[in-house]
Amino acid sequence: MEPGSRLYTELFKKCTELGKLKEGQMAHAHFLASRFQHYVSLQCTVVNMYAKCGDMELARKAFDEMPERDMVSYTMLITGYSQSNGFKEALDLYVEMLKMGLQPNEFTFGSALKCAGGMQSDAMGRVIHGTCLKCGYDNNVYVGSALVDMYTRCKRIDDAKAIFNGLECKNEVSWNALIAAYAREGEGHNAVELFSEMKRVGFNPTHFTYSSIFAACASNGALEQGKWVHADMLKSGQKLVAFVGNTLLDMYGKAGSIDDAKKVFDRLVKKDIVSWNSMLTSYAQHGLGEKAVDLFEEMRGFGFQPNKITFLCVLNACSHSGLLDRGLYYFELLRKYKLEPDITHYVTVVDLLGRAGQLDRAQTFISEMTILPTAAVWKALLGACRMHKNMELGAYAAERVFELDPHDSGPHMLLSNMYASAGRLSDAARVRKMMNENGVKKEPACSWVEIGNSVHVFVANDENHPQREEIRRKWEEIRDGIEKIGYVPDTSHVLWFLDERERGERLQYHSEKLALAFAILNTAAGTTISIKKNIRVCGDCHSAFRFVSRLVGQEIVLRDTNRFHHFRSGSCSCRDYW
DNA sequence: CCCTTAACCG
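Calculation notes
- Residues numbered from 1 in each chain as written.
- Chains lettered and ligands numbered in written order.
- Predicted model: local features only at pLDDT ≥ 70, side-chain atom pairs only at ≥ 80, totals over all residues.
- Heavy atoms only, no water.
- UniProt positions renumbered as here; feature names shortened; annotations may be inferred.
- Pairing = 2+ DSSP bridges.
- Helix = DSSP H or I, 4+ residues; strand = E, 2+ residues; numbered from the N terminus.
- Contact = heavy atoms within 4.5 Å.
- Axes fitted to C-alpha atoms, helices over the stretch in contact; angles between N-to-C directions.
- Domains from an automatic or database assignment.
- Near = heavy atom within 4 Å.
- Polar contact = N/O pair within 3.5 Å; in protein donor to acceptor, adjacent residues only side chain to side chain.
- Buried < 20%, exposed > 50% of the residue type's maximum accessible area, 1.4 Å probe, protein only.
- Phe/Tyr/Trp six-rings, centres within 6.5 Å; stacked < 30°, edge-to-face > 60°.
- Salt bridge = Lys/Arg side-chain N within 4 Å of Asp/Glu carboxyl O.
- Parallel < 35°, antiparallel > 145°, perpendicular 65-115°, else oblique.
- Left-handed = near helix turned anticlockwise from the far one by under 90°.
- Nonpolar A, V, L, I, M, F, W, Y, C, P; charged D, E, K, R; others polar.
- Expected span 1.5 Å × (residues − 1).

- As annotated in an unreviewed UniProt entry, chain A is DYW domain-containing protein from Erythranthe guttata.
- UniProt, in its Sequence similarities (unreviewed entry) section for chain A, records the words "Belongs to the PPR family. PCMP-H subfamily."

1. Focus on the sheet that holds strand 2 (residues 454-459)
(1) Moving on: The 6 strands lie next to each other as 2-1-3-4-5-6, forming an open sheet whose pairing is mixed. Every interior strand has two partners, whereas the edge strands, strand 2 and strand 6 (571-572), have only one.
(2) Moving on: One ladder, built from 6 bridges, connects strand 1 (residues 446-451) with strand 2; its direction is antiparallel. Directly across from Cys446, in strand 2, lies its bridge partner Val459.
(3) Moving on: The sheet contacts of helix 30 (residues 539-552) involve strand 3 (529-533), strand 4 (556-559), strand 5 (564-568) and strand 6, and relative to strand 5 the element is tilted by about 35 degrees.

2. Looking at the domain arrangement of chain A
(1) Moving on: For chain A, the domain assignment lists domain 1 (192-270), domain 2 (342-443) and domain 3 (446-572).
(2) Moving on: For domain 1 and domain 2, the distance between their C-alpha centroids amounts to 38 Å.

3. Digging into the UniProt feature "repeat: PPR" (unreviewed entry) in chain A
(1) Moving on: The UniProt feature table records "repeat: PPR" (unreviewed entry) at residues 70-104, 171-205, 206-240, 272-306 and 307-341.
(2) Moving on: Along residues 171-205 one finds 74% helix and 0% strand; the C-alpha atoms at either end are 10 Å apart.
(3) Moving on: End C-alpha atoms of residues 307-341 are separated by 11 Å, and the span's content is 77% helix alongside 0% strand.

4. Quick look at the protein's contact with DNA strand B
(1) Moving on: Near DNA strand B lie 41 residues; those nearest to it are Tyr142, Arg153, Asn176, Phe208 and Asn277.
(2) Moving on: Contacts to DNA strand B include Arg184, whose side-chain N or O atom sits 3.2 Å from a phosphate oxygen.
(3) Moving on: Note that a base nitrogen of DNA strand B is positioned 3.4 Å from one of the side-chain N or O atoms of Asp272.

5. Quick look at the environment of Lys155
(1) Moving on: One can find Lys155 in the loop between helix 9 (141-153) and helix 10 (157-166).
(2) Moving on: Judged by its relative accessible area of 52%, Lys155 falls in the exposed class.
(3) Moving on: Expressed as a C-alpha distance, the spacing of Lys155 and Leu268, which sit 113 residues apart in the sequence, is 35 Å.
(4) Moving on: Separated by 3.2 Å, the side chains of Lys155 and Glu185 make a polar contact.

6. Considerations on the packing of aromatic side chains
By convention here, two paired aromatic rings are described through the distance between centres and the angle between planes.
(1) Moving on: Overall, the coordinates contain 26 aromatic pairs when judged by the stated rule.
(2) Moving on: Ring geometry for Trp378 against Tyr396: centres 5.7 Å apart, planes inclined by 85 degrees, an arrangement best described as edge-to-face. With a gap of 18 residues between them, Trp378 in helix 23 (residues 375-387) and Tyr396 in helix 24 (residues 391-404) connect regions that are remote in the sequence.
(3) Moving on: For Tyr396, a relative accessible area of 38% corresponds to the partly exposed category.

7. Comments concerning the pattern of salt bridges
(1) Moving on: Inspection of every chain in the model, using the stated rule, returns 31 salt bridges.
(2) Moving on: For Arg153, the salt bridge is made with Asp149, and the minimal N-O distance between the two is 3.1 Å. Of this pair, Arg153 and Asp149 are both found in helix 9, 4 residues apart, which corresponds to roughly one turn of the helix.
(3) Moving on: Taking the relative accessible area as the measure of exposure, Arg153 reaches 33% and is therefore partly exposed.
(4) Moving on: Here Asp149 falls in the buried class, since its relative accessible area comes to 16%.
(5) Moving on: Asp405 serves as the salt-bridge partner of Lys379, at 2.9 Å between the closest nitrogen and oxygen. In this pair, Lys379 sits in helix 23 while Asp405 sits in the loop between helix 24 and helix 25 (409-421), placing the two residues 26 residues apart along the sequence.
(6) Moving on: On the basis of relative accessible area, Asp405 is assigned to the partly exposed category, the value being 24%.
(7) Moving on: Salt bridges sharing partners connect three or more residues here, namely Asp122, Arg126, Arg156 and Asp159.

8. A short note on the packing of helix 11 (residues 172-184) against helix 13 (residues 207-220)
(1) Moving on: One way to put it is that helix 11 packs onto helix 13 with a least axis distance of 9 Å and a crossing angle of 15 degrees. Overall, the two elements helix 11 and helix 13 adopt an arrangement that is roughly parallel. Note on packing geometry: the crossing formed by helix 11 with helix 13 is left-handed. Residue-level contacts link Asn176, Ile179, Ala180 and Ala183 of helix 11 to Phe208, Thr209, Ser212, Ile213 and Ala216 of helix 13.
(2) Moving on: Counted by class, the contact of helix 11 with helix 13 contains 6 nonpolar, 3 polar and no charged residues.

9. With respect to helix 20 (residues 324-336)
(1) Moving on: Between its first and last C-alpha, helix 20 extends 19 Å over 13 residues, near the 18 Å set by a 1.5 Å rise per residue.
(2) Moving on: Taken residue by residue, helix 20 has Leu324, Gly327, Leu328, Tyr330, Phe331, Leu333 and Leu334 as its buried positions.
(3) Moving on: In this fold, the buried residues of helix 20 make contact with helix 18 (289-301), helix 19 (308-321), helix 21 (343-355) and helix 22 (359-367).

Now the structure itself:
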């Protein structure tokens with residue numbers, strides 16, 4: 001018996017839903033031989049099926065073979081491209097369809113705007129926005145949310161906010177788009193504020209909302225706030241499914257609670273590859289290399305396939321814990337899993353060798369790389385040279401960095417300070433001059449500390465803080481205390497062109513020291529103090545923090561861009577290996 | 001028939 005047209009519809013829909021490409025192709029062939037082959041709606045469904053199965057070539061072919069293409073078929077193909085990063089192709093089609101005199105609908109606009117956002121094309125986005133207005137779709141909730149998202153991705157957050165405020169009809173997605181944007185841009189405070197407002201006016205946060213908020217808390221290291229939102233999510237009855245669970249686990253890891261991260265990991269309803277990778281990353285950030293290795297082996301034991309990122313995570317963990325041989329073994333294992341190492345893996349191996357003091361091996365490793373070394377590779381070597389005080393190789397690595405990435409201030413500062421420490425002041429001055437000539441700006445260092453529900457930010461030599469006098473007095477008192485138990489300031493960590501007295505002075509007001517004094521002033525004895533820094537901790541501050549943890553008997557947790565340092569009774573969890 | 005929002009890595 002010949003199938004009816006309805007059956008084809010069902011068949012194509014089923015294949016679309018389950019992502020069954022092969023079966024879809026068979027159904028398609030069957031359909032082309034049937035008496036329904038001229039049904040436009042079925043031809044459309046085929047285009048959509050291929051697009052949703054991720055094969056844009058087949059979708060395009062089916063589209064081109066349609067005798068006449070309507071607005072919906074265009075929209076399906078545009079959407080397909082937009083969902084697989086084919087922004088350019090999608091927008092070309094969008095323009096073509098307008099030329100054909102076909103008027104887009106809210107579906108077309110939604111996808112077209114996603115593409116403009118994906119390409120960060122402000123100009124294209126505005127043109128599409130104009131067409132939305134002309135066609136009367138500007139108040140459609142889908143188009144409105146897509147507009148908000150598009151403007152945020154073009155870094156026009158004010159325009160996005162204006163659109164959002166003007167929307168007569170909002171849904172969760174409209175809120176999520178803006179919240180996600182704040183999280184992406186590192187404005188966690190605004191993200192959380194918008195989250196509260198969203199709830200206040202009666203919208204229910206979704207998995208998307210919670211994911212964005214957790215990501216924001218992760219980058220701010222806002223543990224208390226993160227816990228509060230976690231409690232809120234539990235209260236609202238959301239299940240701990242993989243996606244949002246992974247952001248939660250990542251938040252706990254990055255905000256400083258490895259125990260909570262592990263708890264979330266163990267309670268995940270279903271673990272996916274990202275869950276494992278996130279847990280490995282958490283261990284790496286806390287310097288728990290052995291735990292990371294155990295977890296990686298456990299994962300392999302379960303038959304879970306590691307991907308390239310997994311290897312990056314575990315290599316990174318080995319590097320931070322000085323597990324040299326283990327790391328090199330995993331680098332070899334990468335190929336056994338039929339994974340091709342990319343540049344990021346090479347960077348990590350250079351870091352691994354370099355930190356372990358194997359500078360010659362690191363250099364040989366670089367020279368034997370099958371792909372061209374990037375700036376990141378040389379930066380890793382430079383970092384190792386600073387750590388192990390190898391001036392000559394460090395200068396060589398720095399030169400390579402300057403060729404490949406001339407605008408990064410970090411390597412310039414590093415080399416300049418290395419020269420200064422080695423007493424080569426004219427070389428130090430030369431690098432400094434080069435920086436000025438090339439317009440390289442030094443990134444300002446800052447530290448912040450979360451007390452209760454608010455975050456307090458400090459910059460070096462902070463002149464603007466309302467409690468600055470009190471903070472300075474407190475630090476001086478602490479400094480006297482730690483000097484009595486063995487702290488010796490190391491002035492090689494400040495600008496070499498200041499005189500010795502001024503260097504000693506400046507050193508004492510690094511942002512992390514100010515944050516620490518502030519935290520001691522504002523927390524009860526016995527509380528753990530938690531401080532974050534936007535660049536790596538300075539060597540002198542690291543040493544000072546060790547003594548302070550002994551002096552005041554409080555635990556101090558410091559997160560820098562690389563990892564966590566847990567200071568307790570005079571020593572640090574990194575065992576001064578960083 | 002077709003749309004918009006979130007995670008792991010240098």
